[in-house]
Amino acid sequence: QVQLVESGGGLVQPGGSLRLSCAASGFTLDYYDIGWFRQAPGKEREGVSCMTSDGSTYYADSVKGRFTISRDNAKNTVYLQMNSLKPEDTAVYYCATGKRVGICMASSFGSWGQGTQVTVSS
């Protein structure tokens, strides 16, 4: 069993916060590069944030200063803290893993979770 399971999505008002979690099973997450991606209806999946196995991070310009990626190796879990949420952040959010991905693009990652819906609306 190799599995990634996202949780923590939901409906929030603009300006609110959510923390997404991605629990890994069947492998040790700390050996992998990790990423969070999102896909809105009718749009391509885009990279939100990525972190290499040694801790280097990337954030899309649209979320810099608002989102934070982190990992807890003891829990084999990845997090995405999302603050100051905007309606434009509405999407299905996915976590993913890969080895030496080199770039925060969906095509660079091989393992994916099922996604969790985030809706930002008043």
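Residues numbered from 1 in each chain as written. Predicted model: local features only at pLDDT ≥ 70, side-chain atom pairs only at ≥ 80, totals over all residues. Heavy atoms only, no water.

A. Representation of the sheet that holds strand S8 (residues 77–82) within the structure. Taken together, four strands build an open sheet; the order of strands is S1-S3-S8-S7 and the sheet is antiparallel. Strands with a single pairing partner mark the edges of an open sheet, and in this sheet they are strand S1 (3–7) and strand S7 (67–72). If you compare each strand with its neighbour and ignore which way they point, the axes differ by 15 degrees on average. Sheet topology places S7 next to S8; six bridges connect them, and they run antiparallel. Pairing of Arg-71 across the sheet is with Val-78, part of S8. (Pairing = 2+ DSSP bridges. Helix = DSSP H or I, 4+ residues; strand = E, 2+ residues; numbered from the N terminus. Axes fitted to C-alpha atoms, helices over the stretch in contact; angles between N-to-C directions.)

B. Structural context of the state of the cysteines. Taken as a whole and judged by the stated rule, the model has two disulfides. The disulfide partner of Cys-22 is Cys-95, and the S-S distance across this bridge is 1.9 Å. Looking down the S-S bond of the Cys-22 and Cys-95 bridge, the torsion is 55 degrees, so its handedness is right-handed. One end of the pair, Cys-22, is in strand S3 (residues 18–25); the other, Cys-95, is in strand S9 (residues 91–98), with 73 residues separating them in the sequence. Here Cys-22 and Cys-95 have matching classes, each one buried. Between the sulfur of Cys-50 and that of Cys-104 lies a disulfide, 1.9 Å long from S to S. Taking the torsion about the S-S bond as the criterion, the Cys-50 to Cys-104 disulfide, at about 75 degrees, is right-handed. Taken together, the residues span a long stretch of sequence, with Cys-50 in strand S5 (residues 46–51) and Cys-104 in the loop between S9 and strand S10 (111–112) at a distance of 54 residues. Residue classification places Cys-104 among the buried residues on the basis of a relative accessible area of 13%. Taken in N- to C-terminal order, the disulfide-linked cysteines of the protein chain are connected 1-3, 2-4. (Disulfide = S-S within 2.5 Å. Buried < 20%, exposed > 50% of the residue type's maximum accessible area, 1.4 Å probe, protein only.)

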